Amino acid sequence: MLSNKRPDNMERITTQALADAFIEEQVKEVRAQVGDKKVLLALSGGVDSSVVAALLIKAIGKQLVCVHVNHGLMRKGESEQVIEVFRNQLDANLIYIDATDRFLDKLAGVAEPEKKRKIIGGEFIEVFNEEARKLENIEFLAQGTIYPDILESDGVKAHHNVGGLPEDMHFELVEPVRLLYKDEVRVVGKALGLPASMVDRQPFPGPGLGVRCLGAITRDRLHALREADAILREEFDNCGLATKVWQYFIAVPDMKSVGVKDNKRYEGWPAIIRAVNTTDAMTATIEEIPYTVLHKITDRITHEVEGINRVLFDLTPKPIGTIEWE
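Rules behind the numbers
- Residues numbered from 1 in each chain as written.
- Predicted model: local features only at pLDDT ≥ 70, side-chain atom pairs only at ≥ 80, totals over all residues.
- Heavy atoms only, no water.
- Helix = DSSP H or I, 4+ residues; strand = E, 2+ residues; numbered from the N terminus.
- Rg over C-alpha atoms; globule rule 2.2 N^0.38 Å.
- Buried < 20%, exposed > 50% of the residue type's maximum accessible area, 1.4 Å probe, protein only.
- Contact = heavy atoms within 4.5 Å.
- Areas by Shrake-Rupley, 256 points an atom, 1.4 Å probe, with all protein chains shown as cover.
- Lys, Arg positive; Asp, Glu negative; His and termini not counted.
- Charge placed at Lys NZ, Arg CZ, Asp CG, Glu CD.
- 1 Å grid on protein atoms, 1.4 Å probe; cavity = no way out; pocket = protein on both sides within 12 Å on 5 of 7 lines; lining within 4 Å.
- Points joined across faces, edges and corners; volume = space filled by probe spheres on them.
- Nonpolar A, V, L, I, M, F, W, Y, C, P; charged D, E, K, R; others polar.
- Phe/Tyr/Trp six-rings, centres within 6.5 Å; stacked < 30°, edge-to-face > 60°.
- Lys NZ or Arg CZ within 6 Å of the ring centre and 35° of its normal.
- Core = buried A, V, L, I, M, F, W, Y, C linked by side-chain atoms within 4.5 Å.
- pLDDT = per-residue confidence, 0-100.
- Pairing = 2+ DSSP bridges.
- Axes fitted to C-alpha atoms, helices over the stretch in contact; angles between N-to-C directions.
- Expected span 1.5 Å × (residues − 1).
- Arc of directions from axis to C-beta.
- Polar contact = N/O pair within 3.5 Å; in protein donor to acceptor, adjacent residues only side chain to side chain.

Draft legend 1. Layout of the overall build of the protein chain. From N to C terminus, the protein chain includes ten helices and ten strands. For a compact globule of 326 residues, the expected C-alpha radius of gyration is about 20 Å, and the protein chain comes in at 21 Å, within 12% of that figure. Each principal axis of the C-alpha atoms in the protein chain carries an extent, and together these give about 70 × 40 × 35 Å. Across the 326 residues in the protein chain, those meeting the buried criterion constitute 51%. Look at the contacts in the protein chain between residues 6 or more apart in sequence, and 76% of them connect residues 24 or more apart. For the protein chain, the computed accessible surface area is about 16,100 Å², with 52% contributed by carbon and sulfur atoms. With 41 positive and 51 negative side-chain charges, the protein chain shows a spacing of 3 Å between the two charge centroids.

Draft legend 2. Structural context of the layout of surface pockets. In this structure, the second largest pocket spans a volume of roughly 280 Å³. Lining the second largest pocket are Met10, Glu11, Ile13, Leu18, Ala21, Phe22, Glu25, Gln26, Glu29, Pro176, Arg178 and Leu179. Here the lining of the second largest pocket is composed, by residue class, of seven nonpolar, one polar and four charged.

Draft legend 3. Summary view of the packing of aromatic side chains. Considering all chains together, one arrives at three aromatic pairs under this definition. Measuring from centroid to centroid gives 6.2 Å for Phe124 and Phe128, while their planes differ by 15 degrees, and the two rings are stacked. With Phe124 and Phe128 both in helix H5 (residues 113-134) and four residues apart, this pair spans about one turn of that helix. Under the relative-accessibility criterion, Phe124 is labelled partly exposed at 22%. Taking 4.7 Å as the distance between ring centres and 35 degrees as the angle between the ring planes, the aromatic pair formed by Phe236 and Tyr248 counts as tilted. Separated by twelve residues along the polypeptide, Phe236 in helix H9 (residues 219-239) and Tyr248 in strand S6 (residues 247-251) bring together distant segments of the chain. Of the two residues, Phe236 and Tyr248, neither departs from the other in class, the shared state being buried. Just above the ring of Phe204 sits the side chain of Arg75; from NZ or CZ to the centre is 4.2 Å. In this structure, Arg212 packs its charged tip against the face of Phe249, placed 3.9 Å from the ring centre.

Draft legend 4. Representation of the nonpolar core within the structure. Of all hydrophobic cores here, the largest spans 47 residues; its most connected members are Leu40, Leu222, Phe236, Ile250, Ile301 and Ile308. Per-element accounting of this core gives the leading share, seven residues, to H9. Those residues in contact with Ile301 that sit more than four places away from it in its chain are Ala228, Ile231, Ile250, Ala271, Ile308 and Val311.

Draft legend 5. Seen up close, the confidence of the model for the protein chain. Mean pLDDT over the protein chain stands at 92; residues scoring 70 or higher make up 94%. Here residues 155-163 scores under 50 on pLDDT; set against residues more than four positions off or in separate chains, the count is 15 contacts.

Draft legend 6. Here's a closer look at the side chain of Gln26. With respect to the helices and strands, Gln26 occurs in helix H1 (residues 16-34). You can call Gln26 buried: its relative accessible area is 7%. Discounting chain neighbours no more than four positions away, the residues touching Gln26 are Leu55 and Pro176.

Draft legend 7. Highlighting the sheet that holds strand S1 (residues 38-42). The parallel open sheet is built from five strands, whose spatial order is S3-S2-S1-S4-S5. Strands at the two margins of the open sheet, each flanked by one partner only, are strand S3 (93-98) and strand S5 (172-174). Each strand of the sheet is rotated relative to its neighbour by a mean of 30 degrees, with strand direction disregarded. The sheet strands contacting H1 are S1, strand S4 (138-142) and S5, and the helix crosses S5 at an angle near 165 degrees. Those strands touched by helix H3 (residues 78-89) are strand S2 (64-70) and S3, and its axis lies near 165 degrees from that of S3.

Draft legend 8. The arrangement of helix H10 (residues 291-304) in detail. Between its terminal C-alpha atoms H10 stretches 19 Å, which fits the 20 Å expected from 14 residues at 1.5 Å a residue. Turning to H10, its buried residues number three or more, namely Val293, Leu294, Ile297, Arg300 and Ile301. End-on view of H10: buried residues confined to an arc of 135 degrees, all on one side of the axis. Residues of H10 that are exposed and point more than 90 degrees away from the buried face comprise Tyr291, Thr292, His295 and His303.

Draft legend 9. Structural view of the pairing of strand S7 (residues 257-261). The pairing of S7 with strand S8 (residues 264-277) spans five bridges and is antiparallel. What sits directly across from Val258, in S8, is Glu267. Here S7 hands over to S8 after two residues, with Asp262 in that stretch at a positive phi of 55 degrees.

Draft legend 10. Structural context of the side chain of Ser50. Checked against the element boundaries, Ser50 lands in helix H2 (residues 47-60). The class of Ser50 is buried, set by a relative accessible area of 1%. A distance of 3.4 Å separates a polar side-chain atom of Ser50 from the backbone oxygen of Gly45. Only 2.7 Å separates the side chain of Ser50 from the backbone oxygen of Gly46, close enough to count as a polar contact. Every residue in contact with Ser50, bar those within four places of it in the chain, is listed here: Leu43, Gly45, Phe86, Leu194 and Met198.

Here you go:
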């Protein structure tokens with residue numbers, strides 16, 4: 001039985017050398033655990049699942065089967081990055097499923113946040129199960145469980161990883177980074193050669209843009225949100241804020257206001273900028289963004305993104321406001 005208790009004398013992984021030693025140790029452990037059997041992994045493109053995928057590819061190569069489900073609620077370029085890094089660069093055994101229409105059809109007309117979350121989570125499990133049933137000789141399920149998940153949920157991590165697998169599918173878990181903290185996972189990811197844009201990726205909710213396209217999701221508003229969010233991320237990269245702000249994103253509510261475009265009245269959605277710093281996600285403070293940066297972001301979004309005619313800046317700390325809007 002693998003231990004879920006981090007040894008008191010376990011050194012924090014802060015350097016390339018320590019990461020290399022950890023990787024070497026885990027490669028041996030995984031090979032001993034798995035043997036010649038196959039391992040299934042739901043690869044979201046997030047930090048934890050990406051590092052686990054890279055580590056397992058190093059350990060067992062094509063015995064790892066990665067399934068990436070694009071639910072249509074990813075940020076701009078994220079699914080493309082997963083394909084580029086894992087299929088093209090690491091030669092992973094990657095199954096890519098574009099389930100955009102399936103998810104968005106199920107979400108049509110649904111405005112209640114918790115209902116949206118349940119639909120997205122439930123549909124993901126359905127899609128993943130369908131793919132898992134098509135595969136043969138899978139005996140292990142890899143998960144990106146990290147140590148805070150164990151501490152917070154007593155070893156049960158249903159909120160992030162694949163839950164609700166059918167009773168006839170019995171998998172033994174492979175969790176190579178389960179004793180690491182997030183900062184250590186990032187160091188290990190860099191040592192494995194993953195790009196900084198993937199390893200340093202900011203937190204992103206499981207339902208993706210589904211909880212940032214506020215109210216009932218429509219394809220046109222979702223597209224506008226994705227484009228506006230990409231501009232925000234690009235400008236934060238350009239001015240150095242990307243490394244100073246813990247989490248930053250755009251939310252687009254289901255409401256319109258009047259504006260002017262090409263000397264005509266123009267109704268459009270507002271784009272709301274959220275940028276916060278936190279150490280534990282229990283409380284959060286607002287990052288001060290220079291007005292020159294805000295002006296540039298506003299100019300780009302209102303001129304480049306069809307459907308958005310205002311940009312707002314959310315100044316609410318946590319408490320009283322949560323980090324996400326939904």
